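Structural overview for review
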Amino acid sequence: MSHSSPTAILLNIGHAMDHWIIVVFAYTWGVIAGVWGVEWTELTPFNYGALLMFGMGSIVSGRLGDLWGRWIMMVIFFAGMGVSALVIALCSNKWQIGAALTLMGAFASIYHPVGIPMLVQHAKNPGFTIGVNGLFGNLGIAIAAILTGVLVKHAGWRAAFAVPGGLAILCGILFLLLVPREDMAPAKRPRKQVDMPRALMLRVLTVMTLAAISSSLIFNFTTNGNGQLLGERLRGLIDDPATLGVLLAVVYTIASLAQLVVGKLIDRFPLKNIYLPIVLLQVPLFLIASQVQDWALFITAIGFMLLVFGAIPFTDAMIVKYIDDRMRSRVTGARLAIGFGVSSVVVALIGPVVKAAGFPVLLMVLAGCAFLGFCAIAMLPAEHEMGKATLKPAE
């Protein structure tokens, strides 16, 4: 499909909305804690349900996307995200918001295993298509950073959830009206690709799983922790939440552009040759970030987020390259469930870890995660080992 078609535009906006709404809580921890009379570090565990469901719910979402059809699942996604965000805006204590965030995470789990396979199923340049989609997703994080700060400052933390919630419902209505419904669910379509040999497929799935765990940990730690990291390291220079939101938006907007470059490269060169250096370079940048302050930290954050966002398209590109469209939603759901299932537990500990050991230790842990990810990706078979089986149409 064309990048300018209503379907592509709404699917890309859906990615932005998914990432926007799911990070709002991380950007409002401090404000909500002040209103409710608790420390912000006490609130981070209540994000566990959202992140757990974002991952584990992907198994169900992916299966339903293949069996029911992706169109109806995207309608449910937009409506569910909108309604759950409005419910969060009505919460009055940490237990209520934990439950409402868990509900939101369940609906948020729909997008990646359903929306991305729907977007790339007819793409001529899947790498660039994934890159554009990733750009929208990470611009959603940037929009969340700047608008959450502005809304909190001028209308309160509840508006930070209510505004994107209303927009998600509007997008759902437009999707319902403008996007044509599928004539057949993906699982019922004829097979178009020849499967790889079993041993190679097992190796690819193992690499994909380990890479998903590493990248999910790093992505969730950074996107959920960067607000507090900048707030701590820039204290005395920048104390206004709206200004901090603008700085975060700058970091994420610049970093998002990496996905366009990576998407182009994926269509031209072997995945492994691009993926390895991007992940390896994260290691020294996280170590540098653990030791610097003030504007040096801000510049370093741009650097490591360029690499974190630049690594995002690879697992989706592997799925497009090696998995037939009939099963892509289920495979995507499974890798998200594993990656986010692990990271949800760890990210819930951001507050307690920072309280006990500080951000330097947290950033060193991220450096270790990046190195382990590099080791996993090094096991990815080379292109000549794959042969051409996955590129041939099935008989």
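Residues numbered from 1 in each chain as written. Predicted model: local features only at pLDDT ≥ 70, side-chain atom pairs only at ≥ 80, totals over all residues. Heavy atoms only, no water.

Some thoughts on the overall build of the protein
Stated formally: The helix count covers DSSP runs of H or I at least four residues long, the strand count covers runs of E at least two residues long, and both are numbered beginning at the N terminus. We compute the radius of gyration over the C-alpha atoms and compare it with the globule rule, which gives 2.2 Å times the number of residues raised to the power 0.38. The classification of residues rests on relative accessible area computed with a 1.4 Å probe and restricted to protein chains. Under 20% of the type maximum is buried, over 50% is exposed, and intermediate values are partly exposed. Contacts between residues were defined by any pair of non-hydrogen atoms, one from each residue, lying within 4.5 Å. Method for areas: the Shrake-Rupley scheme with a 1.4 Å probe, in which residue coverage is limited to the protein chains shown. Note that His is not counted, nor are the chain ends; the positive residues are Lys and Arg, and the negative ones are Asp and Glu. By convention, the charge on Lys lies at NZ, on Arg at CZ, on Asp at CG and on Glu at CD.
For the protein, the helix and strand inventory stands at 18 helices and zero strands. Compactness check: the protein gives a C-alpha radius of gyration of 20 Å against a globular reference of 21 Å for 395 residues, within 12% of the reference. A principal-axis box enclosing the C-alpha atoms of the protein has dimensions of 65 × 45 × 35 Å. Residues counted as buried form 57% of the 395 residues belonging to the protein. Across the protein, the fraction of contacts at a sequence separation of at least 24, relative to all contacts at a separation of at least 6, is 87%. Accessible surface, the protein as shown: approximately 15,500 Å² in total, 70% of it carbon and sulfur. Averaging the locations of the 26 positively and 18 negatively charged side chains of the protein gives two centres separated by 6 Å.

Quick look at the pattern of salt bridges
Cut-off, in case you're wondering: By definition here, a salt bridge exists when the distance from a side-chain nitrogen of Lys or Arg to a carboxyl oxygen of Asp or Glu is within 4 Å.
Summed over the entire model, instances satisfying the criterion amount to three salt bridges. With its nearest N and O atoms 3.7 Å apart, the salt bridge here joins lysine 94 to glutamate 42. With lysine 94 in helix H4 (residues 94–108) and glutamate 42 in the loop between helix H1 (6–36) and helix H2 (48–68), the pair connects residues that are 52 residues apart, well separated along the chain. Here arginine 70 and aspartate 66 are joined by a salt bridge, their closest N and O atoms 3.3 Å apart. The exposure class of arginine 70 is buried, given its relative accessible area of 0%. Given a relative accessible area of 0%, aspartate 66 falls into the buried group. Among the charged side chains, a salt-bridge network with shared partners connects Asp66, Arg70 and Arg330.

Description of the packing of aromatic side chains
Put simply, the rule reads: Aromatic contacts are taken between Phe, Tyr and Trp rings whose centres are within 6.5 Å, Trp giving its six-membered ring; a plane angle under 30 degrees counts as stacked, one over 60 as edge-to-face, and the others as tilted.
A full pass over the atoms with the stated rule returns twelve aromatic pairs. With a centroid separation of 4.9 Å and 85° between ring planes, the pair formed by phenylalanine 46 and tryptophan 95 is classed as edge-to-face. Residue phenylalanine 46 is found in the loop between H1 and H2, and its partner tryptophan 95 is found in helix H4; the two are separated by 49 residues along the sequence. Given the relative accessible area of 14%, phenylalanine 46 is considered buried. Judged by relative accessible area, which is 63%, tryptophan 95 ranks as exposed. With 6.1 Å between their ring centres and 45° between their planes, phenylalanine 219 and phenylalanine 309 make a pair best called tilted. Highlighted residues: phenylalanine 219 in helix H8 (residues 198–233) and phenylalanine 309 in helix H13 (residues 294–310), separated in sequence by 90 residues. When its relative accessible area of 9% is taken as the criterion, phenylalanine 219 is described as buried. Accessibility expressed as a relative area gives 0% for phenylalanine 309, which makes it buried.

A closer look at H1
For clarity, the threshold we go by: Multiply 1.5 Å by the residue count of a helix minus one, and that product is the helix's expected span. The seven residues ending at a residue and the seven starting there each receive a fitted axis; the angle between those axes is the bend at that residue.
Under the 1.5 Å per step criterion, the end-to-end length of H1 is 42 Å for 31 residues, consistent within 8% with the ideal 45 Å. The largest bend along H1 reaches roughly 60° and is located at threonine 28. Burial runs high along H1: 24 of the 31 residues are buried. At the C-terminal side of H1, glycine 37 shows a positive phi close to 70°.

Things to note about unusual backbone geometry
You will see that aspartate 294, though not glycine, has its phi angle at about 55°, which is positive. Its location among the elements puts aspartate 294 in helix H13. For aspartate 294, a relative accessible area of 34% puts it in the partly exposed group.

Some words on the environment of methionine 56
Tracing the chain through its elements places methionine 56 in helix H2. For methionine 56 and phenylalanine 340, which are 284 residues apart along the polypeptide, the C-alpha to C-alpha distance reads 7.3 Å. Aside from chain neighbours lying at most four places away, what touches methionine 56 is Ala337 and Gly341.

Section: a nonpolar patch on the surface
As a reminder of what qualifies: Candidate patch residues must exceed 30% relative accessible area and have no salt bridge, after which like charges are joined if within 9 Å and Val, Leu, Ile, Met, Phe, Trp or Tyr side chains if within 5 Å.
Residues Val163, Leu167, Leu170, Ile173, Leu174, Leu176, Leu177 and Leu178 make up a contiguous nonpolar surface patch of about 700 Å² in total accessible area. Within the fold, leucine 178 resides in helix H7 (residues 157–178).

Quick word on the nonpolar core
Cut-off, in case you're wondering: We call a set of buried Ala, Val, Leu, Ile, Met, Phe, Trp, Tyr and Cys residues a nonpolar core when their side-chain atoms join them within 4.5 Å.
By size, the foremost hydrophobic cluster in this structure holds 119 residues, and its most contacted members are Met74, Ile97, Met104, Phe175 and Tyr252. No other element matches the 16 residues that H1 contributes to this core.

Considerations on H4
Short version of the rule: Polar contact is defined as a pair of N or O atoms within 3.5 Å, subject to the rule that within protein one atom must be able to donate a hydrogen and the other to accept it, and that residues adjacent in sequence are counted only when both atoms are side-chain atoms.
Taking 1.5 Å of rise per residue, 15 residues should cover 21 Å, and H4 covers 20 Å from first to last C-alpha, within 8% of that figure. Taken residue by residue, H4 has Ile97, Gly98, Ala100, Leu101, Met104, Gly105 and Ala108 as its buried positions. Buried residues along H4 sit against H1, H2, helix H3 (70–89), helix H5 (111–120) and H7. Structurally, the start of H4 carries an N-cap: the backbone nitrogen of tryptophan 95 is 3.0 Å from a side-chain oxygen of asparagine 93.

Considering the side chain of threonine 148
Mapping threonine 148 onto the fold places it in helix H6 (residues 126–155). Setting aside residues no more than four positions away along its own chain, threonine 148 makes contact with Val24, Tyr27, Thr28, Ile143 and Ala160.

Notes on the environment of leucine 205
With respect to the helices, strands and loops of the structure, leucine 205 is situated in helix H8. For leucine 205, a relative accessible area of 32% puts it in the partly exposed group. In this structure the C-alpha to C-alpha distance between leucine 205 and isoleucine 319, which are 114 residues apart in sequence, comes to 9.3 Å.

Points about the packing of helix H12 (residues 282–289) against helix H17 (residues 359–377)
Basically, it comes down to this: Here the axes come from fitting lines to C-alpha atoms, over the contacting stretch only for helices, and the angles between their N-to-C directions go from 0 to 180 degrees. When describing relative orientation, an angle under 35 degrees is termed roughly parallel and one over 145 degrees roughly antiparallel, while 65 to 115 degrees is termed roughly perpendicular and anything else oblique. Nonpolar residues are Ala, Val, Leu, Ile, Met, Phe, Trp, Tyr, Cys and Pro. Charged residues are Asp, Glu, Lys and Arg, and all others, Gly as well, are polar.
The contact between H12 and H17 brings their axes to 8 Å, and the two run at 175°. Between H12 and H17, the crossing angle belongs to the class labelled roughly antiparallel. Contacts between H12 and H17 pair Gln282, Val283, Phe286, Leu287 and Ala289 from the former with Leu363, Met364, Leu366, Ala367, Ala370 and Phe371 from the latter. For the contact of H12 with H17, the class distribution of residues is ten nonpolar, one polar and no charged.

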